[in-house]
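What follows is the residue order along each chain.
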Amino acid sequence: MKYTFSCADIGMNCGFEIINAGSEEELLEMLKTHAKMEHGITSIPPELIDKIKKAIRKSGKYSFSCEDIGMNCGFEIIGASSEDELLQQLSIHARMSHKMNNIPQDTINAIKQKIKVS
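To keep things clear, this report deals only with the structure shown in the data block. It should be emphasised that the depicted structure is a prediction, and the values quoted were computed from it without experimental measurement.

Definitions and limits used
- Residues numbered from 1 in each chain as written.
- Predicted model: local features only at pLDDT ≥ 70, side-chain atom pairs only at ≥ 80, totals over all residues.
- Heavy atoms only, no water.
- Helix = DSSP H or I, 4+ residues; strand = E, 2+ residues; numbered from the N terminus.
- Rg over C-alpha atoms; globule rule 2.2 N^0.38 Å.
- Core = buried A, V, L, I, M, F, W, Y, C linked by side-chain atoms within 4.5 Å.
- Buried < 20%, exposed > 50% of the residue type's maximum accessible area, 1.4 Å probe, protein only.
- Salt bridge = Lys/Arg side-chain N within 4 Å of Asp/Glu carboxyl O.
- Pairing = 2+ DSSP bridges.

**Comments concerning the overall build of the protein chain**
Reasoning step 1: For the protein chain, the helix and strand inventory stands at four helices and six strands.
Reasoning step 2: Along the protein chain, helices (α) and strands (β) appear in the sequence β-β-α-α-β-β-β-α-α-β when read from the amino end.
Reasoning step 3: Relative to the globule expectation of 13 Å for 118 residues, the C-alpha radius of gyration of the protein chain, 18 Å, shows a markedly less compact shape.
Reasoning step 4: Each principal axis of the C-alpha distribution contributes one length, and for the protein chain these read about 55 × 25 × 20 Å.

**Description of the nonpolar core**
Reasoning step 1: Counting 15 residues, the largest nonpolar core has Phe5, Leu27, Leu31, Ile52 and Ile56 as the members making the most contacts within it.
Reasoning step 2: Sorting the residues of this core by element identifies β1 (2–6), β2 (17–21), α1 (24–39) and α2 (46–55) as the ones contributing at least two each.
Reasoning step 3: Looking at this core, the element that brings in the most residues is α1, giving four residues.
Reasoning step 4: With eleven residues, the next largest nonpolar core counts Phe64, Cys66, Leu90 and Ala94 among its residues.

**Some words on the pattern of salt bridges**
Reasoning step 1: Across all of its chains, the model carries four salt bridges by this definition.
Reasoning step 2: Where lysine 32 meets glutamate 29, a salt bridge forms, and the shortest distance between an N and an O atom there is 3.3 Å. Here lysine 32 pairs with glutamate 29, and both are found in helix α1, just three residues apart, close to one helical turn.
Reasoning step 3: Assessed through its relative accessible area of 39%, lysine 32 is described here as partly exposed.
Reasoning step 4: Relative accessible area serves as the criterion here: at 47%, glutamate 29 is assigned to the partly exposed category.
Reasoning step 5: A salt bridge links lysine 112 to glutamate 83, with the nearest nitrogen and oxygen atoms 4.0 Å apart. Taken together, the residues span a long stretch of sequence, with lysine 112 in helix α4 (residues 105–114) and glutamate 83 in helix α3 (residues 83–98) at a distance of 29 residues.

**What to know about unusual backbone geometry**
Reasoning step 1: Its identity as a non-glycine residue notwithstanding, asparagine 20 has a phi of 65°, on the positive side.
Reasoning step 2: In this structure, asparagine 20 sits in strand β2.
Reasoning step 3: Judged by relative accessible area, asparagine 20 falls into the partly exposed class, the value being 43%.
Reasoning step 4: Non-glycine residue lysine 99 carries a positive phi angle of around 55°.
Reasoning step 5: Topologically, lysine 99 is positioned in the loop between α3 and α4.

**Brief notes about the sheet that holds strand β5 (residues 76–80)**
Strand pairing in a sheet relies on backbone hydrogen bonds. The paired strands run either parallel or antiparallel.
Reasoning step 1: An order of β5-β4-β6 is seen for the three strands of this open sheet, with the pairing classed as antiparallel. The open sheet is flanked by β5 and β6 (116–117), the only strands paired with a single partner.
Reasoning step 2: Bridge count between strand β4 (residues 62–65) and β6: two bridges; the pairing is antiparallel. Counterpart to serine 63 in the pairing with β6 is lysine 116.

Set out below in structure tokens:
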């Protein structure tokens, strides 16, 4: 999984962004250096760290199999570009193959726990 962040995502207008960091920790270390050098911030306050963490975007290939939640229909999604794309595709499958107009929230929660990202 890769991690991406832009200062603009938290309202800073400097144009700085980090794309495809190998971990959240790596991204935060790079961001600390940027904050010090460009914004004069020597210590990032906890509330700003929380705001940054909420704005970090994860990228990778998302996959899911109905079998992972006990539905043995053989359906799986491999290589979706985001969790949202995967859930949209899964919603179509649920409607067409399982006659579910809406996926119950507890099922969505179970699905989200089983989504794999590579």
